[in-house]
Amino acid sequence: MGHEILQTDLALLRQGTLETFLKVELMDSNFKILDSLEGQIINDNYNQDNESIQRRTYNFDLVVLNSSFIIGKDKKIWLDKRLKVFYGLKSLRTNEIIWYELGVFCYVSMKYSFSNTEKKLSVSCADLMALYNGTLRGQIHGYGSSNNSPSYAIQNLTIPAGEDIRSSVIAILKDAGIDRYIVEDINKPIPYELTFETGSTYADIWTKIRDLYDSWEFYFDVDGAFIWRKIPTCLEDPVVLNDTIMQDIVVNESADTKFDGIYNVTEIWGKVLELESGDRYAETSLYTQNTYSVTFDMYTSWDSIDNLTQLAFKVSADNAFAPKFTINNYSPTIPIYDGDGKPLVAGALKKDNIYVFRYRRISPDHNALFLLGQFQCYGKYVEESADCPFSTTNLGYEISQSLDYSNLSDNAACYNQAEFLTYKSTAMMDTINLTTLVVPWLEVNTKIKYTPKYNNITSQYIVKNLSWSTGNGTMSVTLYKFLESFSYVYNRKNK
């Protein structure tokens, strides 16, 4: 979804003189076009931010022409109305207006002002996330307290452990009445039961599911479709604006470096691992032919072990690469994986330490043991990239942060989150701010190439946020430097 960039789009930016236009379609809640506000908006402001689930916002001042602009159920300003906003550029070659969609929005707040010369309505809008995060509505319906409740009381919403994450997300989307979506497959289960009490919103649920593993995002795109995906590294993405075009459209540049909030080391403390009634612990284990063996008398075969049972045992020797596991010498032996589903590296398990694992039935003929950690999941990442100006390699010392992420339930997830947060607090802090001609189809998390005036070094950058007012003809853009050697990018390339 979104705009496909053509040569005609790039040619418009080279015109020099840009005549701009604004069009706003008024729609009902089913996206049926009812009317147009074209020509009645006098001031506006548009924003995109890649760090917010509320990806887009739009504010404008509207001339009140008649009673249809009074707030009311049968008027143009009401809760069930939607706005689709377009930005237009006039082609000098063809003399036609090329329209670019900016997003689908809901009314959030309105303010009237009156003078001797005009009646004005100031309106604040947000994208469709406002319908699901509690801004306008979005609380889950029909769920109440389940504590000692009678049989007729409605229970809390529970997502069971083991349910496929993509299936869970889609089920919540359907419950919310959302039928336009793209949900990437994370290929992982809900690791433990999730419970949502009265007052929770759909965005609360998506956030909690998202945060079970590292670096995922959700938002509504420019067409109003719900997107659930891995946060892009932009490694394989094309450059949408090259340096030649950028030099033509940049009006002003500033590099405002801040040293606060920079961390080149991150350690993440995850979930405390507790064995419950159905879980098992073995005080001893045997390690022969790269296989750990434990004894549990209550089991009679692999089939007698419940899916997602936690098994803990004391390791009798450091492991070699890709160890295996068996209970009571059952055949076949099963592999031991880390939380990412990869074979354990040599030395991941240390002699005389106790580790907790999760037994999973991945498919009818594929069972495996997944390493969670010791008694608390933990991961630490150190940024050492020579291309990162804030890395330990370049600074010569560590600037560390220690964070509690009790939702993360294995060491691999903690390490991945530490790597991602270190990327955010190093690479994404190497920023530059530009004022450019408006590029209406530009999106956050897209790649451009630019040579800053302050250092004359041509580099690739990622768009972090952007904003503009139509009448000004210019926009503010924050970019952060992209380099493949940043480990968050490089490591995911090789996974």
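Keep in mind that this is a model prediction, so the values were computed, not measured.

**Q** What am I meant to see in the pattern of salt bridges here?
**A** It is possible for side chains of opposite charge to pair when their charged atoms get near one another. Summed over the entire model, instances satisfying the criterion amount to twelve salt bridges. Of the charged contacts in the structure, one is a salt bridge between K424 and E51, with a shortest N-O distance of 3.7 Å. Residue K424 is located in helix α6 (residues 411-424), and its partner E51 is located in the loop between β3 (41-49) and β4 (56-63); the two are separated by 373 residues in the primary sequence. You can call E51 partly exposed: its relative accessible area is 47%. A salt bridge links R210 to D211; the nearest nitrogen and oxygen atoms lie 2.8 Å apart.

**Q** Before we go on, may I ask you to explain the pairing of strand β1 (residues 20-27) in this structure?
**A** A regular strand places its side chains so that they alternate between the two faces of the sheet. For β1, the tally of buried residues reaches six of eight residues, placing the bulk of the element in the interior. Relative to strand β5 (residues 82-90), β1 is paired through eight bridges, and the arrangement is antiparallel. Paired with M27 across the two strands is R82, which belongs to β5. Alignment of β1 against strand β2 (residues 33-36), held across three bridges, turns out to be antiparallel. Among the inter-strand pairings, E25 is bridged to a residue of β2, identified as S36. Adjacent in sequence and paired antiparallel, β1 and β2 are bridged by five residues, among which F31 carries a positive phi angle near 70°.

**Q** Looking at this structure, I do not really get the pairing of strand β18 (residues 291-294). What am I missing?
**A** Here β18 shows a buried face lined by T291 and S293 and a second buried face lined by Y292 and V294. Pairing analysis gives three bridges linking strand β17 (residues 286-288) to β18, with the strands arranged antiparallel. Bridging from a neighbouring strand, T288 pairs with T291 of β18. Adjacent in sequence and paired antiparallel, β17 and β18 are bridged by two residues, among which Q289 carries a positive phi angle near 50°.

**Q** Would you explain the sheet that holds strand β15 (residues 265-272) in this entry?
**A** Whether parallel or antiparallel, the strands of a sheet pair through hydrogen bonds between backbone atoms. Across the sheet, which stays open at both edges, the three strands sit in the order β24-β15-β25 with mixed pairing between neighbours. Where the open sheet ends on each side, the last strands, each with one partner, are β24 (376-382) and β25 (400-404). Averaged over neighbouring strand pairs, the angle between their axes works out to 15° when direction is ignored. Pairing analysis gives five bridges linking β15 to β25, with the strands arranged parallel. Residue pairing in the sheet places W269 in a bridge with D404 of β25. The strands touched by α6 are β15, β24 and β25; relative to β24, the strand with the most contacts, the crossing angle is about 35°.

**Q** How should the packing of aromatic side chains be read in this particular structure?
**A** We describe a pair of aromatic rings using the distance from one ring centre to the other and the angle between the two ring planes. Under the defined criterion, the tally for this structure stands at 27 aromatic pairs. Judged by centre distance (6.0 Å) and plane angle (5°), the ring pair of W302 and Y359 falls under stacked. With W302 in the loop between β18 and β19 (310-314) and Y359 in strand β22 (residues 354-363), this pair connects stretches of sequence that are 57 residues apart. In this pair, the class of W302 matches that of Y359, namely buried. Among the aromatic residues, those joined into a cluster by ring pairs are Y287, Y292, W302, F313, F325, Y330, F357 and Y359. Directly above the ring of F196 sits K208, whose terminal nitrogen or CZ lies 5.5 Å from the centroid. Directly above the ring of Y192 sits K271, whose terminal nitrogen or CZ lies 4.2 Å from the centroid.

Calculation criteria
- Here the residue index of a chain counts from 1 through its sequence in written order.
- Whole-chain, interface and lining totals are the exception, using all residues; otherwise, since this is a predicted model, local features are given only for residues with pLDDT of at least 70 and side-chain atom pairs are given and counted only at 80 or more.
- Side-chain figures throughout are based on the complete set of non-hydrogen atoms in the structure, without hydrogens or water.
- Salt bridge, as applied in this entry: a Lys or Arg side-chain nitrogen positioned within 4 Å of an Asp or Glu carboxyl oxygen.
- Each helix is a run of H or I in the DSSP string that is no shorter than four residues. Each strand is a run of E no shorter than two, and both are numbered from the N terminus.
- Only protein chains enter the area calculation, which uses a 1.4 Å probe; residues under 20% of their type maximum are buried, those over 50% are exposed, and those in between are partly exposed.
- Note on pairing: DSSP must find at least two bridges between two strands before they are called paired.
- Axis definition: a line fit to C-alpha positions, over the contact stretch in the case of helices; interaxial angles, taken between N-to-C directions, run 0 to 180 degrees.
- Throughout, a residue-residue contact means that at least one pair of heavy atoms, one from each residue, lies within 4.5 Å.
- Note on aromatic contacts: the rings of Phe and Tyr and the six-membered ring of Trp form a pair at centre separations within 6.5 Å, being stacked when their planes are under 30 degrees apart, edge-to-face when over 60 apart, and tilted otherwise.
- Charge-over-ring contacts are defined here by two conditions on Lys NZ or Arg CZ: a distance within 6 Å of the ring centre and an angle within 35 degrees of the ring normal.

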